[in-house]
There are 2 protein chains.
Amino acid sequence: MRLTTKGRYAVTAMLDLALHADRGPISLADISKRQEISLSYLEQLFSKLRQNALVNSVRGPGGGYRLSRGADQIFVAQIIDAVNESIDATNCGGAGNCQKGQVCLTHYLWCDLSEQIHQFLSGISLASLVERQEVKSVSERQEAQDKEQNLHLI
Amino acid sequence: MRLTTKGRYAVTAMLDLALHADRGPISLADISKRQEISLSYLEQLFSKLRQNALVNSVRGPGGGYRLSRGADQIFVAQIIDAVNESIDATNCGGAGNCQKGQVCLTHYLWCDLSEQIHQFLSGISLASLVERQEVKSVSERQEAQDKEQNLHLI
DNA sequence: CTAATAGTTGAGTAAAATACTCAGTTATAT
DNA sequence: ATATAACTGAGTATTTTACTCAACTATTAG
């Protein structure tokens, strides 16, 4: 099953973008600090997110990334599909050649499951996550920690 | 996400048991041949399946494994839970200490997803899989191949 | 009784996937 | 000019997974 830290990081980073959409382009360095994801790793992920037209980039000082469209038009499934190959619970990658070129005993079960997961995550937009109370409070906590760190630097 | 070949093999092997329940105890060697799963690996898996009271074992010649109860009383989720630690889409394993001891931004999303998957697989019994036409036809194909191989041995 | 069968256990290993780093390049604002 | 920050590709360390091996125990058939 293709749902790993990579996909989770990507969704987290995209949600961070959605939460700070009003601040103009957000740099990966900022996301890296807030979400504790390695900058280099984020660069890799955003390369794919950009290829899949989920974000736009702005280069140079003050630059960063923006969502390519409204947070209500971006869905979790799209993000995971962008960084992983796909959400797929089968062993054969959906090809159906699991046993000597033919389908194995449980092939259709895993197909059904993949479909189920995909539908679930296709129904969840970034906007709907932003609205959630738990997300709001975690985000506020992160903002507070962010300011605190900045004070120490002065 | 904890859904790998291990869990898939376990479900496949259990389904094999369910399909051949009328033949008395089924040896791992038989399952190994039919489902093309390494015997040593099956031994590992069945150790856990036995610990979780999903199968009973019969030692000695003519021995093997049997489902511990009716195929309508064993569900896919139970099998996967038995061999993997659990079906869990979070990074923290559900602990909620994903970011500096507190929950990360997307923690609840992954919790919801885990719940979703678990419910789906909890609703699918081995009996319901046995009834499926696709499973029947794959099983018949396997039986045919089995007989063919035995002929060659004589 | 003894030989063969088949489950039981634990330790160990090879391969693959994952997560992550590094070193550079390019574009742009100030 | 210079600093910033996106972009790219190659490379590596770690972890997980899948699998093997070797020994042991219980049971049954002959």
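Computed from a predicted model, the values in this text were never measured in an experiment.

Q: If you had to explain the packing of helix H1 (residues 5-19) of chain B against helix H3 (residues 39-51) of chain B to someone new, which residues and values would you point to?
A: All names here are of chain B. Direction vectors running N to C along H1 and H3 enclose 80 degrees, while the axes themselves pass 10 Å from each other. Judged on the interaxial angle alone, H3 and H1 are roughly perpendicular. Facing Lys6, Tyr9, Ala10, Ala13, Met14 and Leu17 of H1, the residues of H3 in contact are Tyr41, Leu42, Leu45, Phe46, Lys48 and Leu49.

Q: Can you break down the packing of H1 of chain B against helix H2 (residues 28-35) of chain B residue by residue, with the values?
A: Residue and element names in this part refer to chain B. H2 packs onto H1 with a crossing angle of 110 degrees between their chain directions and a minimal axis gap of 10 Å. Compared by their axis directions, H1 and H2 come out roughly perpendicular. By crossing handedness, the relation of H1 to H2 is classed as right-handed. Contacts between H1 and H2 involve Thr12, Ala13, Asp16 and Leu17 from the former and Ile31, Arg34 and Gln35 from the latter. In terms of residue class, the contact of H1 with H2 is made up of 3 nonpolar, 2 polar and 2 charged.

Q: I'd like a rundown of the packing of aromatic side chains, residues and numbers included.
A: All names here are of chain B. Scanning the entire structure with this criterion turns up 4 aromatic pairs over all chains. With a centroid separation of 5.9 Å and an interplanar angle of 80 degrees, the aromatic rings of Tyr9 and Tyr41 are classed as edge-to-face. Here Tyr9, found in helix H1, pairs with Tyr41, found in helix H3; they are 32 residues apart in sequence, far enough to count as distant. With relative accessibility at 28%, the residue Tyr41 sits in the partly exposed group. Plain terms: the ring middles of Phe46 and Tyr65 are 4.7 Å apart, the flat faces sit at 45 degrees to each other, and that makes the pair tilted. Of this pair, Phe46 sits in helix H3 while Tyr65 sits in strand S2 (residues 64-67), placing them 19 residues apart in sequence. Side by side, Phe46 and Tyr65 carry an identical accessibility label, which is buried.

Q: Give me the lowdown on the side chain of His107 of chain B, citing residues and values where you can.
A: Along the polypeptide, His107 of chain B turns up in helix H5 (residues 107-122). Ignoring anything within four residues of it in the chain, the contact list for His107 of chain B reads Thr90, Cys92, Gly94, Gly96 and Cys98 of chain B.

Q: Quick rundown of the nonpolar core? Include the residues and the values.
A: In this structure, Met14 and Phe46 of chain A together with Met14 and Phe46 of chain B are the most contacted members of the largest nonpolar core, which totals 85 residues. In terms of residues, this core owes the most to one element, H1 of chain B, which gives 8 residues. Setting aside anything within four residues of it in sequence, one finds Phe46 of chain B in contact with Ala13, Leu17, Leu28, Ile31, Val55 and Tyr65 of chain B.

Q: Outline the interface of chain B and chain A, listing residues and values.
A: Facing 44 residues of chain B, the contacting portion of chain A comprises 44 residues. When the area that chain B buries against chain A is broken down by residue, the three leading residues are Arg8, Gln99 and Leu105 of chain B, summing to 19%. Where chain B meets chain A, there are 2 salt bridges. Between chain B and chain A we count 11 residue pairs in polar contact (both at pLDDT 80 or more) in total. Of all the elements, H5 of chain B adds the most residues to the side of chain B that touches chain A, at 9 residues. Here the side of chain B that touches chain A is built from residues that sort into 22 nonpolar, 13 polar and 9 charged.

Q: Before we move on, could you go through the relation of the copies chain B and chain A and cite the residues and values that matter?
A: For the pair chain B and chain A, the best superposition has an RMSD of 0.1 Å and corresponds to a rotation of 180 degrees with a translation of 0.0 Å parallel to the axis. Given the turn and translation reported, the copies of this chain are related as if by a two-fold rotation axis. Residue by residue, 100% of the interface of chain B is reproduced at the interface of chain A, so both copies engage with the same surface.

Q: I'd love a proper account of the protein's contact with DNA strand D, names of residues and values included.
A: Not every one of the 28 residues close to DNA strand D is listed here, only the nearest: Ser57 and Tyr65 of chain A together with Thr5, Ser38 and Arg59 of chain B. Of all atoms in DNA strand D that approach within 4 Å of the protein, 67% are sugar or phosphate atoms. Here a base nitrogen of DNA strand D sits 3.3 Å away from a polar atom, N or O, in the side chain of Glu43 of chain A. Side-chain polar atom of Ser57 of chain A to a phosphate oxygen of DNA strand D: 2.3 Å apart, as the coordinates give it. Elements represented by at least two residues in the surface near DNA strand D include exactly helix H3 (39-51), strand S1 (55-58) and strand S2 (64-67) of chain A together with H1 and H3 of chain B. A per-element tally of the surface near DNA strand D places H3 of chain A first, with 4 residues. Here the residues of the surface near DNA strand D sort into 8 nonpolar, 14 polar and 6 charged.

Q: Lay out the pairing of S2 of chain A with the relevant residues and their values.
A: Residue and element names in this part refer to chain A. The pairing of S1 with S2 spans 4 bridges and is antiparallel. Considered in S2, the bridge of Val58 is made with Gly64. A loop of 5 residues connects S1 with S2, the two strands running antiparallel in sequence, and Gly60 in this loop sits at a positive phi of about 80 degrees.

Rules and cut-offs
- Residues numbered from 1 in each chain as written.
- Chains lettered and ligands numbered in written order.
- Predicted model: local features only at pLDDT ≥ 70, side-chain atom pairs only at ≥ 80, totals over all residues.
- Heavy atoms only, no water.
- Axes fitted to C-alpha atoms, helices over the stretch in contact; angles between N-to-C directions.
- Helix = DSSP H or I, 4+ residues; strand = E, 2+ residues; numbered from the N terminus.
- Parallel < 35°, antiparallel > 145°, perpendicular 65-115°, else oblique.
- Contact = heavy atoms within 4.5 Å.
- Left-handed = near helix turned anticlockwise from the far one by under 90°.
- Nonpolar A, V, L, I, M, F, W, Y, C, P; charged D, E, K, R; others polar.
- Phe/Tyr/Trp six-rings, centres within 6.5 Å; stacked < 30°, edge-to-face > 60°.
- Buried < 20%, exposed > 50% of the residue type's maximum accessible area, 1.4 Å probe, protein only.
- Core = buried A, V, L, I, M, F, W, Y, C linked by side-chain atoms within 4.5 Å.
- Buried area = accessible area lost by both parts, 1.4 Å probe.
- Salt bridge = Lys/Arg side-chain N within 4 Å of Asp/Glu carboxyl O.
- Polar contact = N/O pair within 3.5 Å; in protein donor to acceptor, adjacent residues only side chain to side chain.
- Least-squares fit on C-alpha atoms with pLDDT ≥ 70 in both.
- Near = heavy atom within 4 Å.
- Pairing = 2+ DSSP bridges.

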